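Listed below are the residues making up each chain.
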Amino acid sequence: MSYRDSFSLYPRYHTYSTSKDLRVGSHLRSPTMYGGSQSSVLSSLSTYRSSGLDGVSYTPTPDLNEVYPGLFVGDAVAAKDKAFLRRMGINYVLNTAEGKRYTQVDTDHLYYRDCPGLRYKGFQLMDLPSTDISKYFHIAANFIDEGVSRGGRVLVHCFMGVSRSATCALAFLMIKRGMTLAEALALVRSRRDIHPNEGFIRQLRDLDRELRVCRIR
């Protein structure tokens, strides 16, 4: 199974449309219709995680998708190709896998010093269920919101663009755009195939509950 299969899962209360359906990468296919309740959307995620990424051919081609107007989720290749970022008009970069360890991406402020006007933020996270990514939810949401609200183009990336970066993009949609977890998952997965690990999904569920309580008050 290609890890870039796409699904048309539009949320009930939020619509997404753009005249430029920006999809870059070599693992994209035509969207497949998929429907279901909140529980089915969430439960289906574990199925895709358990299937793993066996047989995936990873090529050094920039791979990113616009999952919300102005917000792109992508991989390390896209993030490290500064000429590509300039062509795409990316002026905000959030690295959710900063570091030199395996599956991390070794970029920082200095890496982009020759990219005038580009703002950078990095989180040193590993793609492990035990990683506490929740402490970065609001920081990520504020950073993304700043870029999008100013008419910029924000790239949120990790190593492959399927777990850490996707989780932070989902948190942004939930915190800043008022979506439930199911709605955010449906929207992002309609643009890019994502696989947050089980621990990240649990933390997003906790965030979902917290936000629901806040909205009721």
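Conventions used here
Residues numbered from 1 in each chain as written. Predicted model: local features only at pLDDT ≥ 70, side-chain atom pairs only at ≥ 80, totals over all residues. Heavy atoms only, no water. UniProt positions renumbered as here; feature names shortened; annotations may be inferred. Buried < 20%, exposed > 50% of the residue type's maximum accessible area, 1.4 Å probe, protein only. Helix = DSSP H or I, 4+ residues; strand = E, 2+ residues; numbered from the N terminus. Contact = heavy atoms within 4.5 Å. Pairing = 2+ DSSP bridges. Core = buried A, V, L, I, M, F, W, Y, C linked by side-chain atoms within 4.5 Å. Phe/Tyr/Trp six-rings, centres within 6.5 Å; stacked < 30°, edge-to-face > 60°. pLDDT = per-residue confidence, 0-100. Salt bridge = Lys/Arg side-chain N within 4 Å of Asp/Glu carboxyl O. Axes fitted to C-alpha atoms, helices over the stretch in contact; angles between N-to-C directions. Parallel < 35°, antiparallel > 145°, perpendicular 65-115°, else oblique. Nonpolar A, V, L, I, M, F, W, Y, C, P; charged D, E, K, R; others polar.

Where an unreviewed UniProt entry is consulted, the chain appears under the name Dual specificity protein phosphatase, with the organism given as Pieris macdunnoughi. The chain has a UniProt comment under Function (unreviewed entry) that states "Dual specificity phosphatase able to dephosphorylate phosphotyrosine, phosphoserine and phosphothreonine residues, with a preference for phosphotyrosine as a substrate."

Counting buried residues in helix α6 (residues 181-191) gives 11 out of 11 residues, a clear majority hidden from the surface. The set of residues buried in α6 consists of L181, A182, E183, A184, L185, A186, L187, V188, R189, S190 and R191.

Per the UniProt record, "active site" (unreviewed entry) is found at C158. Tracing the sequence through the fold places C158 in the loop between β8 (154-157) and α5 (164-176). Apart from residues lying up to four places away in sequence, C158 is in contact with G74, D75, A76, T96, A97, V105, S163, R164 and S165.

With that settled, consider the pairing of strand β4 (residues 64-68). Summarising burial for β4: 5 of the 5 residues are buried, a large majority. The pairing of β4 with strand β5 (residues 71-74) spans 4 bridges and is classified as antiparallel. Bridge pairing in β5 places E66 opposite F72. From the end of β4 to the start of β5, which pair antiparallel, there are 2 residues, and G70 there has a positive phi angle of about 90°.

Counting residues in hydrophobic clusters, the biggest one holds 39 residues, and the most contacted among them are Y68, L71, I144, L173, L204 and L207. Elements that contribute at least two residues to this core include exactly β4, β5, β6 (92-95), α4 (137-149), β8, α5, α6 and α7 (198-216). In this structure L71 touches N65, E66, I144, V148, V154, V156, A169 and F172, once residues within four positions along its chain are discounted. Of all hydrophobic cores here, the second largest spans 14 residues; its members include A79, F84, Y112 and L118.

So, about the packing of aromatic side chains. Following the criterion strictly, the structure yields 5 aromatic pairs and no others. Ring geometry for Y111 against Y112: centres 5.0 Å apart, planes inclined by 85°, an arrangement best described as edge-to-face. For Y111, a relative accessible area of 22% corresponds to the partly exposed category. Residue class for Y112 comes out buried when judged on its relative accessible area of 3%. For the pair Y112 and Y120, a centre-to-centre distance of 5.6 Å together with 35° between the ring planes defines the contact as tilted. Pairwise contacts between aromatic rings join Y111, Y112 and Y120 into one cluster.

This next bit is on the confidence of the model for the chain. When pLDDT is averaged across the chain, the result is 82; 73% of the residues are at 70 or more. Across residues 26-37, confidence stays below pLDDT 50; counting only partners more than four residues off in sequence or on other chains, it has 31 contacts. Across residues 44-53, confidence stays below pLDDT 50; counting only partners more than four residues off in sequence or on other chains, it has 20 contacts.

As a further point, take the pattern of salt bridges. Following the criterion strictly, the structure yields 7 salt bridges and no others. For R177, the salt bridge identified is with D145, shortest N-O distance 3.0 Å. Here R177 is found in the loop between α5 and α6, whereas its partner D145 is found in helix α4, with 32 residues between them in sequence. Since its relative accessible area comes to 24%, R177 is described here as partly exposed. Each of the salt bridges in this network shares a partner with another, and the network as a whole consists of R119, E146 and R150.

The phi dihedral of T103 is positive, around 70°, even though this residue is not glycine. Mapped onto the elements of the fold, T103 is located in the loop between β6 and β7 (119-122).

Once that is clear, we can look at the packing of α4 against α5. As a packed pair, α4 and α5 sit with axes 8 Å apart at the nearest point and diverge in direction by 75°. Between α4 and α5, the crossing angle belongs to the class labelled roughly perpendicular. Touching F137, H138, A140, A141, N142, I144 and D145 of α4 are T167, C168, A169, A171, F172, I175 and K176, all from α5. Here the contact of α4 with α5 is built from residues that sort into 9 nonpolar, 3 polar and 2 charged.

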